[in-house]
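Take a look at the letters that make up each chain.
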Amino acid sequence: MSQDLIVGLDAGTSLIKFVAFTLEGKFVDSASVENKVYYREGSKSEQNLNETWEKVIESLSLLHQKIPNLQDRIVGLSITGQGDGSWPIDDQANPVGDAALWLDGRSGDIIDQWRNSEIGPSVTKITHTGLNPSMQSGQMYHIAKFERERFDQIDKVLRCKDWIFHKMTGEILTEISEAIMTWGSPLTRKYDDEVLRLLDLHTMKKKQPDVIDSTEHFGKLTAQASKLLNLKEGTPIILAPVDVVCAGIGSGFVDHSKKIGCTVLGTAGIHIFVDFMNSDVEPSKQLGYTMPLSGSKANAKMVSNMVASLNTDWFIDIYSSIFDKIGEKNFSKKDILNFFESGASLSSPASIFYYPFISPNGERGPFVNAKARAQFLGLNTTTKVDDMVRAIYESLGYACKDCYTEFGAKLDLLRLTGGASNSPLVRKIVGSITKNNTQVIDNSEQGAAGACMVGLLALNIANEYHELNENWVEPYLKEEENFDSKLSIIYEKAFEVYKSGYQTMSQFWDKNHQLQEGKYEN
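Here's what I pulled together on the structure shown here. All values reported here derive from a predicted model rather than from experimental measurement.

1. Let's talk about the layout of surface pockets
Here's step 1: A volume near 1,200 Å³ is recorded for the largest pocket.
Here's step 2: Along the walls of the largest pocket sit 41 residues, with Asp-10, Asp-243, Val-264, Thr-267 and Ile-270 positioned nearest its centre.
Here's step 3: Elements that contribute at least two residues to the lining of the largest pocket include exactly β2 (15-22), α11 (243-250), β18 (289-292), β19 (299-305) and α16 (446-458).
Here's step 4: Across the lining of the largest pocket, the residue classes break down as 15 nonpolar, 18 polar and eight charged.
Here's step 5: Empty space within the second largest pocket amounts to approximately 760 Å³.
Here's step 6: At the level of elements, α3 (108-115) and α5 (136-146) are the ones that each hand at least two residues to the lining of the second largest pocket.
Here's step 7: With three residues, the top contributor of residues to the lining of the second largest pocket is α3.
Here's step 8: The residue makeup of the lining of the second largest pocket, split by class, is eight nonpolar, 10 polar and 11 charged.

Below is the structure:
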């Protein structure tokens, strides 16, 4: 049987998913298993390295059940996964404790100190990336300071996908999108020791894995891993970029003819675009991520607000709990969403404001404040539920514009995906607030697809991203939707009011945090 498939592994925080595609980008089948996050004292969010590897084996076994002769049909397996975090191993490549995830908040106070000193802007000047608690730098500093014995046992610090790549190939590597955004310069595409000096973390140097461009290297499946995964020994294994970059690639944002933003309105609000000019950043903003793009001289730039559709989910949960208490069981989440959509579409724009900082970990884009909390502003006795729903929808658009604007993105088109993009009203609001035509990409497997596109470049089956876009992206694109210019006039003014609202809230957030921690004193 001919080799007619390429498989992408998207190792997410909650799901380990394998997705098989034809070499022309047609979805074939997928299989996934849930991974487990351990939430621990001290704002720690962790995963077990060996448990994650076992989940990889389990998930691929399910895909084997769905696709006969999979081992004979695949040309390669390309791995992407959750970003940031610290996955430590010793000199025998055994885990040294559990991995700190991007959700982890242990380094919050450390990050605050760095950002409020000369350290934060100085690091941003080199990395073009703002320090935040999700990153390896703060996590490893925390471990060095409070778990010194463990820190000394660590030989290399990987990311999630690097760990899985090692288990498959025996190689200990990382790739440029994540390594450089944390520890190096996107201009040189190399580690920069000045970052370690600024952070007073010189001992991290020997713990940094070698860096590759994903399109210039692939590993081969070892004999041991081939038995566990039921794949042929020597099967090419590609270490693809981080999941957000792969999602952008899978959305076709590598396009020299127009500047395309890709916004994921999922649990998080992810806003990413390609900077072909490698523009300077303003260090004082300490904003977002700049990630070298494999197979290109350009950089991907991303800003992520902590949560997007989770705000809507929270409001739906409130409604569901009310219905449950009164004994009404006939309303599903879909019913409530339809109710929200029809009611909010009749509500006046910008009648009240909602701030979408519902995550217990606060906000990280376009500002970083772990103490930030959600709020409604402007309520009065005439405010109705429909107004509150519309305000939540509008907050997704304000956050989107806020992130792109602060990172200097001037887009020609905004592509939307994620659960909230299914709402026509959300799309209309987001387009009008950002003054961009919007386009939905109807492909829930963009991350895996992007990883496979990178894999095809690494295997020399394709030469350029634009060649792949025709089959891997364009069939999934829906028609562009023009933004409402009249509505944009209203939202242009409202956006300034929105920003002024949260810019005056820091003192309240600090005092509220002290109160909740039992540390507030008059």
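2. Side note on a nonpolar patch on the surface
Here's step 1: On the surface, a nonpolar cluster with roughly 360 Å² of combined accessible area is contributed by Trp-314, Ile-318, Ile-322 and Ile-326.
Here's step 2: Tracing the backbone through its elements, the reader meets Ile-318 in helix α12 (residues 309-325).
Here's step 3: The class for Ile-318 is partly exposed, based on a relative accessible area of 31%.

3. Some thoughts on empty space enclosed by the protein
The method is simple in principle: a probe with the dimensions of a water molecule rolls over the atoms, and the space it marks as empty is what remains.
Here's step 1: What the rule picks out here adds up to two cavities of 30 Å³ or more.
Here's step 2: The computed volume of the largest cavity comes to approximately 50 Å³.
Here's step 3: The wall of the largest cavity is formed by Arg-115, Gly-130, Asn-132, Gln-286, Gly-288, Tyr-289, Ser-304, Arg-364 and Val-368.
Here's step 4: Residue classes in the lining of the largest cavity are distributed as two nonpolar, five polar and two charged.

4. Focus: the sheet that holds strand β16 (residues 260-265)
Here's step 1: Taking strand neighbours across the sheet as the criterion, the six strands line up as β18-β19-β17-β16-β22-β23 in an open arrangement whose pairing is mixed. Edge positions in the open sheet fall to β18 and β23 (438-440), since each of these has one partner strand only. The sheet shows a mean angle of 25° between the axes of neighbouring strands, direction not considered.
Here's step 2: One ladder, built from three bridges, connects strand β22 (residues 413-417) with β23; its direction is parallel. The residue of β23 that forms the bridge with Leu-414 is Thr-438.
Here's step 3: Along the sheet face, α11 touches β16, β17 (269-275), β18 and β19 and points at about 65° away from the line of β17.

5. A short note on the nonpolar core
Here's step 1: With 51 residues, the main nonpolar core has Phe-340, Phe-357, Tyr-398 and Tyr-498 as its most contacted residues.
Here's step 2: Elements with a minimum of two residues in this core: α12, α13 (333-344), β20 (353-355), α14 (385-406), β22, α15 (424-434) and α18 (485-503).
Here's step 3: The leading source of residues in this core is α14, at 11 residues.
Here's step 4: Aside from chain neighbours lying at most four places away, what touches Phe-357 is Asn-311, Glu-363, Phe-367, Ala-372, Arg-373, Ala-374, Gln-375, Tyr-498, Tyr-502 and Trp-509.
Here's step 5: Residues Phe-21, Met-181, Val-454 and Tyr-476 belong to the second largest nonpolar core, which totals 42 residues.

6. Details of the side chain of Ser-226
Here's step 1: Mapped onto the secondary structure, Ser-226 falls in helix α10 (residues 223-229).
Here's step 2: Within the structure, the side chain of Ser-226 is placed 2.6 Å from the backbone oxygen of Ala-223, a separation counted as a polar contact.
Here's step 3: Residues in contact with Ser-226, not counting those within four places in the same chain, are Leu-221, Leu-231, Lys-232 and Glu-233.

7. Looking at the pairing of β17
Here's step 1: The buried count for β17 comes to seven of seven residues, which makes it a mostly enclosed element.
Here's step 2: Residues Gly-269, His-271, Phe-273 and Asp-275 of β17 are buried on one face, and the alternating residues Ile-270, Ile-272 and Val-274, pointing to the opposite face, are buried as well.
Here's step 3: Sheet topology note: the β16/β17 ladder contains four bridges and is antiparallel. What sits directly across from Leu-265, in β17, is Gly-269.
Here's step 4: Following β16, the chain reverses through three residues before pairing antiparallel with β17.
Here's step 5: Bridge count between β17 and β19: seven bridges; the pairing is antiparallel.

Calculation notes
Residues numbered from 1 in each chain as written. Predicted model: local features only at pLDDT ≥ 70, side-chain atom pairs only at ≥ 80, totals over all residues. Heavy atoms only, no water. 1 Å grid on protein atoms, 1.4 Å probe; cavity = no way out; pocket = protein on both sides within 12 Å on 5 of 7 lines; lining within 4 Å. Points joined across faces, edges and corners; volume = space filled by probe spheres on them. Helix = DSSP H or I, 4+ residues; strand = E, 2+ residues; numbered from the N terminus. Nonpolar A, V, L, I, M, F, W, Y, C, P; charged D, E, K, R; others polar. Patch = residues over 30% accessible without salt bridge, like charges linked within 9 Å, V, L, I, M, F, W, Y side chains within 5 Å. Areas by Shrake-Rupley, 256 points an atom, 1.4 Å probe, with all protein chains shown as cover. Salt bridge = Lys/Arg side-chain N within 4 Å of Asp/Glu carboxyl O. Buried < 20%, exposed > 50% of the residue type's maximum accessible area, 1.4 Å probe, protein only. Pairing = 2+ DSSP bridges. Axes fitted to C-alpha atoms, helices over the stretch in contact; angles between N-to-C directions. Contact = heavy atoms within 4.5 Å. Core = buried A, V, L, I, M, F, W, Y, C linked by side-chain atoms within 4.5 Å. Polar contact = N/O pair within 3.5 Å; in protein donor to acceptor, adjacent residues only side chain to side chain.

So, to be careful, I would describe these as geometric facts and stop short of saying anything about function.
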